[in-house]
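Summary of the model geometry
So you can see what is in the structure, the chains are spelled out below.
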Amino acid sequence: MPFLCSGYLATPKCKSRAIRFAIFSVVLAIIFLTASFAAAQKIELSVDASKPGAKISRNLFGQFAEHLGHGIYDGIWVGPESTIPNTRGIRNDVVAALRAIKVPDVRWPGGCFADEYHWRNGIGPQRAVTLNPNWGGVIEPNTFGTHEFMDFINQIGSEAYVSVNVGSGTPHEAADWLEYMTTAQPTTLQKERAANGHPDPYKVAFLGIGNESWDCGGNMTPEYYLDRMKVYSRFVRNFNPAQQTEDQMLKIAVGPGGSGPRWDEWTDTIMKAYQNHSWSWDINGLSMHSYTVVQWPPSFKSVGFGETEYAQILKSTLDMDSLIKEQSAIMDKYDPQKKVALVIDEWGAWYAPLPGSNPGFLVQQNSLRDAILAALNLNIFARHADRVRMANIAQMINVLQAMIMTDKEKMVLTPTYYVYKMYVPFQDATFLPVTFESGTYTHDKISLPRVDAIAAKATDGKLWLEITNVDPNQSAQLEVNLAGVSAKSASGETLTAPKVDSVNTFQAPNTVVPKPISVKTQGGKLTLKLEPKSVTVVSLEQ
Ligand code: AHR
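Keep in mind it's a predicted model, so treat the numbers as computed, not measured. (Residues numbered from 1 in each chain as written. Predicted model: local features only at pLDDT ≥ 70, side-chain atom pairs only at ≥ 80, totals over all residues. Heavy atoms only, no water.)

**Considerations on the pattern of salt bridges**
Note that side chains of opposite charge can pair when their charged atoms are close. This is how the line gets drawn: Salt bridges are counted wherever a side-chain nitrogen of Lys or Arg sits within 4 Å of a carboxyl oxygen of Asp or Glu. Numbered from the N terminus, helices here are DSSP runs of H or I no shorter than four residues, and strands are runs of E no shorter than two. For each residue, the accessible area found with a 1.4 Å probe, counting protein chains only, is set against the maximum for its type, and the residue is called buried under 20%, exposed over 50%, and partly exposed in between.
Taken as a whole and assessed by the stated rule, the structure comprises 26 salt bridges. For D48, the salt bridge goes to K51, with nearest N and O atoms at 3.1 Å. Between D386 and K338 there is a salt bridge; the shortest N-O distance is 3.9 Å. One end of the pair, D386, is in the loop between helix 10 (368-383) and strand 14 (388-394); the other, K338, is in the loop between helix 9 (319-334) and strand 13 (341-349), with 48 residues separating them in the sequence. Note on D386: relative accessible area 37%, which makes it partly exposed. Classification of K338 by relative accessible area gives partly exposed; the value is 22%. One salt-bridge network, held together by shared partners, links K55, R58, E159, K203, D247 and D428.

**Topic: the state of the cysteines**
Stated formally: When two cysteine sulfur atoms are found within 2.5 Å, that pair is recorded as a disulfide.
Enumeration according to the criterion identifies 1 disulfide in this entry. A sulfur-sulfur distance of 2.2 Å marks the disulfide that ties C112 to C216. Given an S-S torsion of about -95 degrees, the disulfide between C112 and C216 has left-handed geometry. A residue pair is termed long-range when its members are at least 10 positions apart, and C112 in the loop between strand 6 (105-108) and strand 7 (130-132) and C216 in the loop between strand 10 (206-209) and helix 6 (222-235) qualify at 104 residues. Of the residues examined, C112 reaches a relative accessible area of 12% and is grouped as buried.

**Quick word on the nonpolar core**
Note the threshold: The set of buried Ala, Val, Leu, Ile, Met, Phe, Trp, Tyr and Cys residues whose side-chain atoms join them within 4.5 Å is what this entry labels a nonpolar core. For this analysis, residues touch if any pair of their heavy atoms sits within 4.5 Å.
Counting 123 residues, the largest nonpolar core has L98, F149, F152, I344, W347 and F381 as its most contacted members. Considering each element in turn, this core owes the most residues, 11 residues, to helix 10. If sequence neighbours within four positions are ignored, F149 has contacts with V106, W108, F144, A160, Y161 and V162. Listed in part, the 23 residues of the second largest apolar core include V47, A476, L478 and V480.

**Brief notes about the sheet that holds strand 27 (residues 525-530)**
Defined as follows: Between any two strands, at least two bridges found by DSSP are needed for them to pair. Axes here refer to lines fitted to C-alpha atoms; in helices the fit is confined to the stretch in contact. Angles between the N-to-C directions go from 0 to 180 degrees.
On the basis of which strands lie adjacent, the open sheet formed by 5 strands has the order 18-1-23-27-26 and mixed pairing. Here the strands that pair on one side only, and so sit at the sheet edges, are strand 18 (434-436) and strand 26 (520-522). Each strand axis lies, on average, 25 degrees off the axis of its neighbour in the sheet, ignoring direction.

**Quick word on the environment of P85**
Mapping P85 onto the fold places it in the loop between strand 3 (62-64) and strand 4 (86-87). Exposure remark for P85: the relative accessible area of 56% places this residue in the exposed category. The sequence separation of P85 and K488 amounts to 403 residues, and the corresponding C-alpha distance is 44 Å. The residues touching P85, leaving out its near neighbours within four places in the chain, are I90, R91 and N92.

**Brief notes about unusual backbone geometry**
Glycine aside, residues mostly have negative phi, and peptide bonds are mostly found in the trans state. With omega at -5 degrees, the peptide bond leading from W296 into P297 counts as cis. Mapping P297 onto the fold places it in the loop between strand 12 (285-292) and helix 8 (307-317). At N142, a position not held by glycine, the phi torsion is positive, near 60 degrees. Within the secondary structure, N142 sits in the loop between strand 8 (138-140) and helix 3 (146-156). On the basis of relative accessibility, which here comes to 1%, the residue N142 falls in the buried class. Here the phi dihedral of V294 falls at roughly 65 degrees; this positive angle occurs in a residue that is not glycine. Secondary-structure assignment places V294 in the loop between strand 12 and helix 8. Residue classification places V294 among the partly exposed positions, given a relative accessible area of 43%.

**Considerations on the packing of aromatic side chains**
Put simply, the rule is: Think of it this way: a Phe, Tyr or Trp ring, Trp meaning its six-membered ring, pairs with another when their centres are within 6.5 Å, and the plane angle makes it stacked under 30 degrees, edge-to-face over 60, tilted otherwise. Cation placement over rings: the criterion is NZ of Lys or CZ of Arg within 6 Å of the ring centroid and within 35° of the ring normal.
Applying the stated criterion across every chain yields a total of 20 aromatic pairs. With a centroid separation of 6.4 Å and 65 degrees between ring planes, the pair formed by Y310 and Y441 is classed as edge-to-face. Here Y310, found in helix 8, pairs with Y441, found in strand 19 (residues 440-443); they are 131 residues apart in sequence, far enough to count as distant. On the basis of relative accessibility, which here comes to 0%, the residue Y310 falls in the buried class. Ring geometry for W347 and F381: centres 5.2 Å apart, planes at 85 degrees, overall edge-to-face. Taken as a pair, W347 in strand 13 and F381 in helix 10 lie far apart in primary sequence, 34 residues in all. By relative accessible area, which is 1% here, W347 ends up buried. Taken together through their ring pairs, the aromatic side chains of W77, W108, F113, Y117, W119, F144, F149, W177 and Y180 make up a single cluster. Here the guanidinium or amino end of K410 rests over the ring plane of F506, the centre of that ring lying 5.6 Å away.

**Describing the site of the ligand**
Threshold: Here a residue counts as near a molecule or strand whenever at least one of its heavy atoms sits within 4 Å of it. Here a polar contact means two N or O atoms within 3.5 Å. Within protein one must be a hydrogen donor candidate and the other an acceptor candidate, and residues neighboring in sequence count only if both atoms are side-chain atoms. Here the accessible surface of atoms and residues is derived via Shrake-Rupley with a 1.4 Å probe, and residues count as covered only by protein chains that are part of the display. Residue type decides the class: Asp, Glu, Lys and Arg count as charged, Ala, Val, Leu, Ile, Met, Phe, Trp, Tyr, Cys and Pro as nonpolar, and the leftover types, Gly among them, as polar.
Close contacts around the ligand come from F64, E66, G111, C112, W135, N211, E212, Y291, E346, W350, Q395 and L400, and that covers them all. Here Y291 contributes a side-chain N or O atom positioned 2.7 Å from an oxygen atom of the ligand. At 2.7 Å, a side-chain N or O of E346 approaches an oxygen atom of the ligand. Burial of the ligand by the protein chains amounts to 93% of its free accessible area of 280 Å². Grouping the constituent residues of the shell around the ligand by class yields 6 nonpolar, 3 polar and 3 charged.

**Thoughts on the packing of helix 8 against helix 10**
When two helices pack together, you describe them by how their axes are tilted relative to each other and by the distance separating the axes. Filter applied, for reference: For classification, angles of less than 35 degrees are called roughly parallel, those exceeding 145 degrees roughly antiparallel, those between 65 and 115 degrees roughly perpendicular, and all remaining angles oblique. The crossing is said to be left-handed when, going from far helix to near helix, the turn is anticlockwise and less than a right angle, and right-handed when the turn is clockwise.
Packing of helix 8 against helix 10 brings their axes to within 10 Å, and their N-to-C directions diverge by 20 degrees. Considered as vectors, helix 8 and helix 10 are oriented roughly parallel to each other. Crossing of helix 8 against helix 10: the hand is right-handed. Counted together, E309, Y310, I313, L314 and T317 of helix 8 and R369, I372, L373, L376, N377 and I380 of helix 10 form the full contact between these two elements. Residues that form the contact of helix 8 with helix 10 fall into these classes: 7 nonpolar, 2 polar and 2 charged.

**A short note on the packing of helix 4 (residues 171-182) against helix 5 (residues 188-195)**
Across the interface, helix 4 lies against helix 5 with an axial gap of 8 Å and an inter-helix angle of 55 degrees. Considering their axes alone, helix 4 and helix 5 lie oblique with respect to each other. Between helix 4 and helix 5 lies a crossing of right-handed hand. Here D176, E179, Y180, M181 and T182 of helix 4 come into contact with helix 5, specifically with L189, E192 and R193. In terms of residue class, the contact of helix 4 with helix 5 is built from 3 nonpolar, 1 polar and 4 charged.

The structure is reproduced here in structure tokens:
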């Protein structure tokens, strides 16, 4: 007992040695505890390929492009005379980037903008110059209208989700727009379309009947909206001959904007009516909007934040799951066969506007946190793929949680863009159940699951896994049990970065980009290391 400093042994020298010993013991204990904690970071995951679930619709990876800030003008449209390389006025760099993420559909022209949009302003050689009162009160030149949107959709290989004006427009105006876009018959509107350069009918895959009609779309009660919606559903027809039997246009009604009695009543009103709907009206989808914002007005910074804000935002984004469950339960009451899809056609992170930007333009940075946020939400959608069959992140370019940011001739791809790219194989794949102990990540008394994962069988027969490690400090050793799956080889890539708020900028565009990782397959198991704060996608060749 060398440090027993009592009685005659209680000399100053002995006491100081005792203190040093005590400190040494505490350090040893900390090292021991940390080591055992680190060892506990092993995650075991099992994929059950024998119980395939719903199809993960490719439309869960849809986009939203509103006439808002630089979402359309500068972001997509630069005009044919621009020195920025373009095809008929549409940026070539943006088109190439979007083609690579296989955008299934684009919702346009809004948002709140849609309920004040008059389509005739955006066709023909002379465009009306109007205002955009919702978004900064700026001039709307209408140079990007129906033909330009359809050209854009065609260039990126996507489908049109057109939102018609239920707020300040009329059923007549919307019906004419659809006839203008879709008829093959030589009507006056078809001839006008042909004179404007497109004799063949356009395909309109999805029709949005209003936008947030409970708020910016006209502050309607659910009953009033329901009455209006039925009229639009009845008269706003798609005449495209190729869409009469196969490929019919799907109609999406305005749904809830959150959780709680007000929104439950909204969903209940629409779905109850749907249950008893007659031949003369129908809907195929009910939209839901939910942003990750924590508090209004949006005050969280999109860059230059720390771990607490990282944890707060990610914790808040997980509310999407309970929101979907709440609204799906109401839909299930009236539509147990799940004919009506829950369409999350506005979602994403909404932060404070970047300092110096026009607050009406909703400009924010996009960091590694947003990549993780996107993955968590896409996984939630995939787990509810039987009901949630479409989702549109807000918004595609330069606005809110964007895929792409542009500044004149410059373009940068955001961390969220790379998540969408990594998830391409999940488009139309079949969901496979996974089981795992997620563990818990805690910071500043904020706790959330440490790891999230989904699995799917893709249309090419390969098995795909996505695993998100939310913990920004600890890596995890993942061991995947492949019972019933014979894996010939596996490969994967991971998206991470030095900091939770790392971003890609025009000057440094490759700070947050996916990198290949090593994946081992042996004895029916697959093992890989998950970096802290990372999104990882792995494919298995069977
Ligand atoms: O995405 C920005 C706006 O948010 C949309 O225009 C509106 O529908 C929502 O409130």
